[in-house]
Amino acid sequence: MSTKEITSGYEVVGVTTPTQVVPDVEMLSRDDEDSGRWSVYSCSPVSGEPKTAVSERLMFVPTYDDEISRHIRAHEMFHARVSPTTKLWDKVWKKRGYANERTMVACEELRVNTLMKNAGFEPERYLSGGGEKQHAIQMATHNDFQSAVLSAISITNSAGFTNFMDGIAMVRPEWTPVITEITKQSVDYFQEILKDPEDRVGLPLNATGEKPQLNGFGYVENLAKWVEGVIGAITAPKNDKEGKDAKDGVGKPSNDKNGLDGLDGKKLSKELKKLLEGIKTSGEQQREEVAGWRSGNIPRRALSDTWEELKVSNPALTRSVVGAIGKKRIASATGRNPRRISRLLTDPERRIFDRTVRGEGGVLLIDTSGSMRLTPENVKEMVAYAPSALVAQYSGGSRTKPNLYVIADKGRMVDNLPRPNGGNGVDFPALKWAVKKRQRQNSPIIWVSDGGVTGKRDAHNSDLVMDCIRLLKKEGIYVVPNPETAIELLKKLQRREKITSVIPYTLSDIYKNLTGQDLVLR
Amino acid sequence: MATKVKNTTDLPKCWQTVKDALDAGIDRVILFGTAGIGKTYAGLNYGKLDGGAHRLICTDEMTNADVTGCWQPTANGSWSWLEGAGIKAWQGNGKIGGRLVIDEIDKAGGDVFATLLAITDTPESAQWEHPQSQKVIKPLDGFSVVMTTNVEDMNELPMALKDRFPVAIRINEPHPDALLRMSEDLRMYAKQMCDAGERRISLRSFYAYDKLRTALGSKKSAEIVFGNRAKSFLDAIRVDTGKEVV
């Protein structure tokens, strides 16, 4: 750069003020927010600097007159046009509980990029943060599959996507087809909503109604829910020791092994094919569902509003459980009184003393809703095989009566079994209650249920089921569909044999539909 | 000032207030706010206008001739008095006083300003002697004044003026009738951009763009009307509608 001296100092030659382009953000209109004057500030066209605060009417965007800056401006303008306000985000979307905050943010980026593309912009050509490849390498190196998927979704339809996938392919090539399939399904999902309005009747993708069911962000929430299901299924534990909830994992780097870990060659290719098929099927199902959506189908209520309130009753436990084996004595090589003297001859280890062994405890939670068709004898029989456990039966549907009864604990049980209300309503709260009540961290929780969970007004939907499944996975809860399998499992438990869940069809079916993967439980 | 986006044909609150005030017979009103949103239009059309309406646009070069009148040579070599807008409005249709709409009074020079104060004084104090007939003229009943100004802060106006105009209404939205003159797809943008501060776009620009685009298409018309701002203008429409601007 050349300079020339002038009387007042130095003047830089050849430098002119660049043309400043300020976005006409005041032209945008929303249903949930007032229009008015915005404060627009200039920033650099690098990742992290451009930002928009809708309620505060603040926007930071590059103001250069070039295509990259123009596309960043358009991206931020779309945020100003469709993204939830801070108030709605904090008070509604974050609290509804259908999906994790971070997943929704990633899916919202995809919505914005999709809307941009649909409006004739070229984000796939001009929108790039610059550091995508390095970012991808880092995530793949740290085996952070969840973050990789979310990052990929957030930059899908942008120029940075190819670089990002290159970075993934360098470190974890086996992730590439999976991430590509998830992002493809996500793009197709939004494209389905953007189809010609004449082909479908429903809420537009850019709707900004004040109520959740009238806001296009509901589509984002729904996609985020699906993405979490898929990620959760892929990173599902192969055995109970690795059990960790996928939903909880989202948001923090995880060292969970994903479903493709440790596989090679033919096995990897087979697993991969299965996985991709599953993602594709569940993605298609998701699109089919959304194609039929009318405005009312975005759930109005938060997930926490969908369950009945748990009302626990603790009736007097007056009877001893027949065959109670709360604690028992077993032979031991050490002790004070040699009660088993004959073992000097018969036992190679000469265990002539006694040792008291306490029962493992545990919680047996019985769904006594109408669909289970349980008789009082069925329940009593199960109690008899779980003498040291805390046993509770639950059934919702009554506004006044309790919906969960503790019917047995520490070898004692109620005289007369309470009459069930007939509905479900509290499956998830009851499971949470059981988790709280377990005696020790390793005490087993057994849930006897056909999986036909329902919420308030006995309404059934897949979100409620997924809510329960996530808890089952997170807490390592065993599930069995009927008294017979429950008794079988309890017997095994008494014999200290390895036990596994017998997953009810309803749970596995819904999980498969939503995630494309087989449900694996403890 | 924020406004909730609603139907552009609904009468906004500020305009409803103007209408109510003028319909109720308030005869001294200041309408202030951004330019080009129909303040003058309201002055010339709202309320009781049986006595007619006369407009006076103030500049620093104007003289009292525009307000009270001036001598003018006639065909027979004599002179006759040509009445100014102020006197015409006083006399209305001869039975009922008319409406005087004074645009941008803050731009008038000291001499004219003093005359305008006299013209807009209370009916009991206001009077003027006709130079030709020597008759003392007073404003007829029904005489009203609507003053418009682009100043955003009423404190910028002289106290004497504010005293004469007890009702001052800030206009922050264009009048729906003014919006109806343009294509429907542009009305909301025109409405919102009228009060967009330094990025404001006047209704007149929207009218011009609307007319041009029928012949030249959106892109070319935007370039002609908005210059460097054309891309940003069209991008905003794209973002808002989610569609390409044809």
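Residues numbered from 1 in each chain as written. Chains lettered and ligands numbered in written order. Predicted model: local features only at pLDDT ≥ 70, side-chain atom pairs only at ≥ 80, totals over all residues. Heavy atoms only, no water.

**Side note on the overall build of chain A**
Operational definition: Helix and strand assignments come from DSSP, with helices taken as H or I runs of at least 4 residues and strands as E runs of at least 2, each series counted from the N terminus. Exposed residues in this analysis have more than 50% of their type's maximum accessible area, buried residues have under 20%, and partly exposed residues fall in between, with area computed by a 1.4 Å probe over protein chains only. Residue contacts follow a heavy-atom distance rule, with two residues in contact if any of their heavy atoms lie within 4.5 Å. Only the protein chains shown count as covering a residue, and every accessible area follows the Shrake-Rupley method with a 1.4 Å probe.
Looking only at helices and strands, chain A has 17 helices and 15 strands in total. Scored against the burial criterion, the 522 residues of chain A give a buried share of 52%. The contacts in chain A between residues at least 6 apart in sequence include a share of 72% that link residues at least 24 apart. Accessible surface for chain A amounts to roughly 24700 Å². Of this, 49% is attributable to carbon and sulfur atoms.

**Comments concerning the overall build of chain B**
When helices and strands are counted, chain B shows 10 helices and 9 strands. If one aligns the C-alpha atoms of chain B with their principal axes, the spans along those axes are about 70 × 40 × 30 Å. Sorting the 246 residues of chain B into buried and exposed places 48% on the buried side. Taking contacts inside chain B between residues at least 6 apart in sequence as the whole, the part at least 24 apart equals 68%. Accessible area for chain B stands at about 11900 Å²; split by element, carbon and sulfur atoms hold 50% of it.

**A word on the confidence of the model for chain B**
Residue and element names in this part refer to chain B. This is how the line gets drawn: pLDDT is a residue-level measure of predictor confidence that goes from 0 to 100.
Averaged over all residues, the pLDDT of chain B is 86; the fraction at 70 or higher stands at 96%. Across residues 1-5, where pLDDT falls below 50, the model places 23 contacts with residues more than four positions away in sequence or in other chains. Both confidence scores are given for the complex: pTM 0.70, ipTM 0.72.

**Digging into the sheet that holds strand β5 (residues 58-61) of chain A**
Residue and element names in this part refer to chain A. Note the following rule: Two strands pair if DSSP finds at least two bridges between them. All axes are obtained by fitting lines to C-alpha atoms, using only the stretch in contact for helices, and the reported angles, taken between N-to-C directions, cover 0 to 180 degrees.
Read from one edge to the other, the open sheet built from 3 strands follows the order β3-β5-β4, with strand pairing classed as mixed. Strands at the two margins of the open sheet, each flanked by one partner only, are β3 (39-42) and β4 (51-53). Neighbouring strand axes in the sheet, compared pairwise and without regard to direction, differ in orientation by 15° on average. Along the sheet face, helix α1 (residues 67-82) touches β4 and β5 and points at about 160° away from the line of β5.

**Brief notes about the packing of helix α6 (residues 145-155) of chain A against helix α8 (residues 176-194) of chain A**
Residues and elements named next belong to chain A. To keep things clear, this is the line we draw: Any angle from 65 to 115 degrees is called roughly perpendicular, while one under 35 is roughly parallel, one over 145 is roughly antiparallel, and all others are oblique. Crossing handedness follows the turn of the near helix against the far one: under a right angle anticlockwise gives a left-handed crossing, and clockwise gives a right-handed one. Each residue is assigned to one class: nonpolar for Ala, Val, Leu, Ile, Met, Phe, Trp, Tyr, Cys and Pro, charged for Asp, Glu, Lys and Arg, and polar for all the others, Gly among them.
The interhelical angle for the contact between α6 and α8, taken along N-to-C directions, is 40°, at an axis separation of 10 Å. With respect to α8, the element α6 is oriented oblique. You can see that α6 and α8 cross each other, and the crossing is right-handed. Where α6 abuts α8, its residues F145, A148, V149, A152 and I153 lie against V178, I179, I182, T183 and S186. Class assignment for the residues of the contact of α6 with α8 results in 8 nonpolar, 2 polar and no charged.

**Comments concerning the interface of chain B and chain A**
Rule in force here: Here the quantity called buried area is the total loss of accessible area, with a 1.4 Å probe, experienced by two parts when brought into contact, counted for both. The salt bridge definition used is simple: a Lys or Arg side-chain nitrogen within 4 Å of an Asp or Glu carboxyl oxygen. A 3.5 Å cut-off defines polar contacts: any pair of N or O atoms within that distance qualifies, except that in protein one atom must be a possible hydrogen donor and the other a possible acceptor, and neighbouring residues in sequence count only when both atoms are side-chain atoms.
At the interface, 29 residues of chain B touch 31 residues of chain A. Summing both sides of the interface, chain B and chain A together bury roughly 2600 Å²; the carbon and sulfur share of this comes to 49%. Here chain B is connected to chain A by 5 salt bridges. Linking chain B to chain A there are 12 residue pairs in polar contact (both at pLDDT 80 or more). Of all the secondary structure elements, the ones that give two or more residues to the side of chain B that touches chain A are α7 (184-193) and α10 (230-241) of chain B. Of all the elements, α10(B) adds the most residues to the side of chain B that touches chain A, at 10 residues. Residue composition of the side of chain B that touches chain A, by class: 11 nonpolar, 6 polar and 12 charged.

**Examining α6(A)**
All names here are of chain A. Counting buried positions over the 11 residues of α6 gives 11, a clear majority of the element. Every buried residue belonging to α6 is among F145, Q146, S147, A148, V149, L150, S151, A152, I153, S154 and I155, and all of these are buried. Of the residues one or two after α6, N157 is the one with positive phi, at around 70°.

**A closer look at the confidence of the model for chain A**
Residues and elements named next belong to chain A. On average, chain A scores 82 in pLDDT, and the residues at 70 or more come to 84%. Least confident of the elements in chain A is helix α10 (residues 246-249), whose mean pLDDT is 40; most confident is α1, at 95. Taken as a whole, residues 1-8 scores under 50 in pLDDT and shows 10 contacts with residues more than four places along the chain or in a different chain. A low-confidence stretch, residues 236-257 stays under pLDDT 50, and its non-local contacts, those more than four residues away or across chains, total 40 contacts.

**Digging into the pairing of strand β11 (residues 390-394) of chain A**
Residues and elements named next belong to chain A. Within β11, 5 of the 5 residues are buried, which leaves it mostly tucked inside the rest of the structure. Residue alternation in β11 divides its side chains into two sets, L390, A392 and Y394 and V391 and Q393, and both sets are buried. Where strand β10 (residues 363-367) lies against β11, 5 bridges are found, and the strand directions are parallel. Bridge pairing in β11 links V363 to L390.

**Some thoughts on the packing of aromatic side chains**
Cut-off, in case you're wondering: Note on ring pairs: Phe, Tyr and Trp rings are taken, using the six-membered ring of Trp, and paired if centres are within 6.5 Å. Classes follow the plane angle, with under 30 degrees stacked, over 60 edge-to-face and the rest tilted.
For the structure on display, the rule yields 16 aromatic pairs over all chains. With centroids separated by 5.8 Å and ring planes inclined at 25°, the aromatic side chains of W307(A) and F428(A) adopt a geometry described as stacked. With a gap of 121 residues between them, W307(A) in the loop between α11 (265-291) and β6 (312-313) and F428(A) in helix α14 (residues 427-437) connect regions that are remote in the sequence. Considered together, W307(A) and F428(A) belong to a single accessibility category, that of buried residues. Measuring from ring centre to ring centre gives 5.8 Å for F206(B) and F233(B), while their planes differ by 55°; the resulting arrangement is tilted. A residue pair is termed long-range when its members are at least 10 positions apart, and F206(B) in helix α8 (residues 203-216) and F233(B) in helix α10 qualify at 27 residues. Here the two residues F206(B) and F233(B) agree in accessibility, since each one is buried. An aromatic cluster of at least three residues, connected via ring pairs, comprises F206(B), Y209(B), F226(B) and F233(B).

**Here we look at the layout of surface pockets**
Residues and elements named next belong to chain A. Where we set the bar: As defined here, a cavity is a set of points on a 1 Å grid over the protein atoms alone where a 1.4 Å probe fits but cannot get out. A pocket is an open set with protein on both sides within 12 Å along at least five of seven lines, and residues line them when an atom is within 4 Å of a point. Grid points are joined across faces, edges and corners, and a volume is the space filled by probe spheres set on the points.
For the largest pocket, the calculated volume is near 1000 Å³. Lining the largest pocket are 39 residues, with P50, H75, E76, H79 and E109 positioned closest to its centre. Counting residues per element, the ones that place at least two in the lining of the largest pocket are β4, β5, α1, α2 (86-96), α3 (101-118), α5 (132-141) and α6. It is α3 that provides the largest number of residues to the lining of the largest pocket, a total of 5 residues.

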